[in-house]
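# Structural description and commentary
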Amino acid sequence: MMWPTFLFGLLLASVAGWIFTAYAQRRRIRMLERSHEEIQVEESLVFDFLHGLGEAFRETIRPGELHRLIVEGATRILDAQGGALYLTDRTGGKLTPAFVSKGCPPLVEVPPNILEQAAGTPIALESYLRLHPITPGEGVIGRVWKAGQSVCFNELSAAPELAKLRGSAFGTASLMAAPLSYGEQDLGVLALANGSMGAPFSQGDFVVFKSIAEQSAFALYNAIIYSMANEKKRLDHDLEIARDIQRILLPAEAPAINGFQISGINVPARQVSGDYFDYIRVDDERLGVAIADVSGKGVPASLIMAICRSVLRSEAARNPSPADVLRKVNRQLYPDIKEDMFISMAYLILDHERDGIMLARAGHDAPLLYKRQSQSVTPVKSPGMVLGIDSGNVFDRITSDFAVPLERDDCLVLYTDGVTEALNTEGDEFGLERTVESVRASATDGARAIVKRVIDDVRNFTGSHPQNDDITLIAIRKT
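This section reports on the structure supplied with the text. Keep in mind it's a predicted model, so treat the numbers as computed, not measured.

## Considering the pairing of strand 10 (residues 356–362)
- Burial analysis of strand 10 places 6 of its 7 residues in the buried class, which makes it a mostly covered element.
- Across 6 bridges, strand 9 (residues 343–351) lies against strand 10 in antiparallel orientation. Bridging across to strand 10, Leu 350 finds its partner in Ile 357.
- Strand direction decides the pairing type here: strand 10 and strand 13 (residues 402–405), joined by 4 bridges, are antiparallel. Residue pairing across strands places Gly 356 opposite Pro 405, the latter belonging to strand 13.

## Details of the sheet that holds strand 7 (residues 275–281)
- If you walk across this open sheet you meet the 5 strands as 7-8-9-10-13, and the pairing is antiparallel. Two strands lie at the open edges of the sheet, namely strand 7 and strand 13, each paired on one side alone. On average, adjacent strands in this sheet sit at an angle of 20° to one another, irrespective of strand direction.
- With 9 bridges connecting them, strand 8 (residues 286–294) and strand 9 associate as antiparallel partners. Across the sheet, the residue bridging to Ala 290 is Tyr 347, located in strand 9.

## Observations concerning the packing of aromatic side chains
- On inspection of all chains with the given rule, the structure shows 4 aromatic pairs.
- Measuring from ring centre to ring centre gives 5.5 Å for Tyr 182 and Phe 218, while their planes differ by 50°; the resulting arrangement is tilted. With Tyr 182 in strand 4 (residues 174–182) and Phe 218 in helix 7 (residues 203–249), this residue pair connects regions lying 36 residues apart in the sequence.
- Relative to Tyr 279, the ring of Phe 277 lies with its centre 5.8 Å away and its plane at 80°, an arrangement referred to as edge-to-face. By the burial criterion, Phe 277 is buried, and Tyr 279 matches it.
- By way of ring pairs, the aromatic residues Tyr 182, Phe 218 and Tyr 221 are connected into one cluster.

## Some details on the nonpolar core
- Within the largest apolar cluster, 51 residues are counted, with the highest numbers of intra-cluster contacts made by Leu 350 and Ile 476.
- With residues up to four places along the chain from it excluded, the contact list for Leu 350 reads Ile 257, Phe 260, Ile 262, Glu 285, Arg 286, Leu 287, Val 289, Gly 356, Ile 357 and Ile 476.

## With respect to helix 12 (residues 431–442)
- Taking 1.5 Å as the rise per residue, helix 12 with 12 residues should run 16 Å; its terminal C-alpha atoms sit 17 Å apart, in good agreement.
- Three or more residues of helix 12 are buried, namely Gly 431, Thr 435, Val 436, Ser 438, Val 439 and Ser 442.

## Regarding the pattern of salt bridges
- On inspection of all chains with the given rule, the structure shows 14 salt bridges.
- The partner of Glu 65 in a salt bridge is Arg 68, and the shortest N-O contact between them spans 3.1 Å. Residue Glu 65 and its partner Arg 68 are located together in helix 2 (residues 63–77), separated by 3 residues, close to a single helical turn.
- Taking relative accessible area as the criterion, Glu 65 reaches 31% and is therefore assigned partly exposed.
- A salt bridge links Arg 453 to Asp 457; the nearest nitrogen and oxygen atoms lie 2.9 Å apart. Of this pair, Arg 453 and Asp 457 both sit in helix 13 (residues 447–462), 4 residues apart, which is roughly one turn of that helix.
- Here Arg 453 falls in the partly exposed class, since its relative accessible area comes to 35%.
- By relative accessible area, which is 19% here, Asp 457 ends up buried.

## Description of the packing of helix 12 against helix 13
- Interhelical geometry of helix 12 versus helix 13 gives an angle of 140° and a closest axis separation of 9 Å. Classed by the angle they form, the pair helix 12 and helix 13 counts as oblique. The chirality of how helix 12 crosses helix 13 is right-handed. Where helix 12 abuts helix 13, its residues Arg 434, Ser 438, Val 439, Ala 441 and Ser 442 lie against Ala 449, Ile 450, Arg 453, Val 454, Asp 457 and Phe 461.
- Its residues assigned to classes, the contact of helix 12 with helix 13 shows 6 nonpolar, 2 polar and 3 charged.

## Some remarks on a negative patch on the surface
- A surface patch of like charges, here negative, comprises Glu 421, Glu 426, Asp 428 and Glu 429.
- By the element assignment, Glu 429 lies in the loop between helix 11 (417–420) and helix 12.

## What about the environment of Pro 200?
- Summarising the element assignment, Pro 200 is placed in the loop between strand 5 (185–194) and helix 7.
- With 45 residues separating them along the chain, Pro 200 and Glu 155 place their C-alpha atoms 9.1 Å apart.

## Some points on helix 9 (residues 322–333)
- Its 12 residues give helix 9 an end-to-end C-alpha distance of 16 Å, which sits within 8% of 16 Å, the value for a rise of 1.5 Å per residue.
- Here helix 9 has its buried residues at Pro 322, Ala 323, Val 325, Leu 326, Arg 327, Val 329, Asn 330 and Leu 333.

## A short note on the sheet that holds strand 5
- Strand order in the open sheet made by the 5 strands is 2-1-5-4-3, with antiparallel pairing throughout. In this open sheet, the two strands that pair with only one neighbour each are strand 2 (95–100) and strand 3 (151–153). Averaged over all adjacent pairs, the angle separating strand axes in this sheet is 20°, with direction ignored.
- Judged from the 6 bridges that link them, strand 1 (residues 82–88) and strand 5 form a sheet pairing that is antiparallel. Along strand 5, the bridge assignment pairs Leu 87 with Gly 188.

## Some words on the layout of surface pockets
- As a volume, the second largest pocket reaches approximately 380 Å³.
- Taken together, 17 residues make up the lining of the second largest pocket; nearest its centre are Pro 251, Ala 252, Gly 264, Ile 265 and Phe 277.
- Among the elements of the structure, helix 7, strand 6 (260–267) and strand 7 are those that each provide at least two residues to the lining of the second largest pocket.
- Sorting elements by how many residues they give to the lining of the second largest pocket places strand 6 first, with 5 residues.
- Residue composition of the lining of the second largest pocket, by class: 9 nonpolar, 4 polar and 4 charged.

Reading the values: the criteria
- Residues numbered from 1 in each chain as written.
- Predicted model: local features only at pLDDT ≥ 70, side-chain atom pairs only at ≥ 80, totals over all residues.
- Heavy atoms only, no water.
- Buried < 20%, exposed > 50% of the residue type's maximum accessible area, 1.4 Å probe, protein only.
- Helix = DSSP H or I, 4+ residues; strand = E, 2+ residues; numbered from the N terminus.
- Pairing = 2+ DSSP bridges.
- Axes fitted to C-alpha atoms, helices over the stretch in contact; angles between N-to-C directions.
- Phe/Tyr/Trp six-rings, centres within 6.5 Å; stacked < 30°, edge-to-face > 60°.
- Core = buried A, V, L, I, M, F, W, Y, C linked by side-chain atoms within 4.5 Å.
- Contact = heavy atoms within 4.5 Å.
- Expected span 1.5 Å × (residues − 1).
- Salt bridge = Lys/Arg side-chain N within 4 Å of Asp/Glu carboxyl O.
- Parallel < 35°, antiparallel > 145°, perpendicular 65-115°, else oblique.
- Left-handed = near helix turned anticlockwise from the far one by under 90°.
- Nonpolar A, V, L, I, M, F, W, Y, C, P; charged D, E, K, R; others polar.
- Patch = residues over 30% accessible without salt bridge, like charges linked within 9 Å, V, L, I, M, F, W, Y side chains within 5 Å.
- Areas by Shrake-Rupley, 256 points an atom, 1.4 Å probe, with all protein chains shown as cover.
- Lys, Arg positive; Asp, Glu negative; His and termini not counted.
- Charge placed at Lys NZ, Arg CZ, Asp CG, Glu CD.
- 1 Å grid on protein atoms, 1.4 Å probe; cavity = no way out; pocket = protein on both sides within 12 Å on 5 of 7 lines; lining within 4 Å.
- Points joined across faces, edges and corners; volume = space filled by probe spheres on them.

Here it is, written out as C-alpha cells:
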C-alpha cells in the first residue's frame, strides 16, 4: 500500500512542478514579448526621430522648427515631462534658450518673485525660462556646457539650485543634460527633465539620450552650414544685381569727339568694383574724362564710387576747369567719407580747338604721356591730393589745372594701381616699367590697341595668380 501511494505522490509532485515551470516559462515569455514590444516601440520612436531630422533637410527648415523637433522628439522617445534646448549665442559667451517645451520643469535657478507670479500666472515662469540666458558654469546647464560632459541626476545633490524646488509644483526630480558639439564647434546643451510625478531616468535612458544628443548636434551643425550656404547664395545674387547696376553706371563705349580717339575698360577683382571711369560732356566742344580708385574693394568701395560719380557729373557740366570741379567734389564728399577711406582721381578735359588736354590730379597715379616724335613715355606728375581726407583748406591750395599739349598721334594713358600692382605667382608686381613698355609697344596702333596690349601683358604676367585689385585703363590718342 505504501509503494503505490508514494508513486502517486511523486507523480503529483512532478505534474505540479511541470505546471509551475510551464507557468513561469509562459510568464517569462510574456515579459520578453512585452520587453520586445517596448524595445520595438522605442526603436520606432528613435527611427521616427532620425527620419524627422533627415526629412527636415529636404526642405528649407526654419531654425525654430528644427529646435522644436529635437526637443519634442527626445521628450517623446524617453517619455520625459519636458525638455529644453540651449544654443551658444553669436559671441560664444553664453547660452540662449532656443526651445523650452510646455510644462518643462525649471532647469535653472528661478528668482522668488517669478515663482510667486507663477503660482497664479504659469505663463510668467514659462516666459522667464524662454528668455533667461545662461553663462558658463551657471547652474547644471552652464556646468555641462563648460565641462563638456553629459550628466544624469536622479537625486539633486549635484544641482542645489534645482533641489530647492524639489518639493514644489515646479520641482525637478530627475534630469539628463548633454553638451552639443560637432568637430571643434560648441553648439549648446540639450536637457530633459521629469517632475516629482515622473519616473526617474534609467541608465538605458541615458545611453539613448546621449545618442539623441549626438544626432541633434549633427543636425544643428548641418542647419548652420545650410543657412550659411543659402545666405551666400542670396548675397551672390545681390552682388550679381549690384554688378549689373554698376555696368550701367560705367560707360559701355567711348563717345566720339573731334580730334581724339578714346578707349577704356574696367576689370573688377570681385563682383563689384571700387574703380571708376567716366566720360562727361562738358559742352559742345569739350569732353571730360575721369578715372578714380576708391580705397578698399567690394561693396563698400562700389557704393562710394557711385556717390562720387553722381557728385562729379553734377559739378562737371559746363565747367572748363578740372581743378575747380575736383575742389567742389571734395567739399561735397568730405563730410560723408569715413576716416579710413579716400578716393584718388584724375580728371581731364579734352579740347580739340586748343589741341590739348587740361588735367587735374587728386592723388591718382600719374598718367603716362607717349610722344610720337621721340617715342618716349613719361609720367605727367601734376600736383594734387586724394579726395575725402581734407575739408578743402589744403586740398584747394594744392589742386590746380595742368596743361598737357598734344601733337598728332601722341597718347595719354590713365590707369589705376590694379595695373602696376598686379602680382604673379612669385609675388612680383607688374610695375611701372612693364606698363611703360606695353604702352610704348602699342601706341602707334591707337587707343584700343594700347588698352588691349596692357591688359594682355598683365594677364600673361600674373598667370594663374588671382586678380588682387580692380583694373581700370583709359587710353587717349590725338588724331
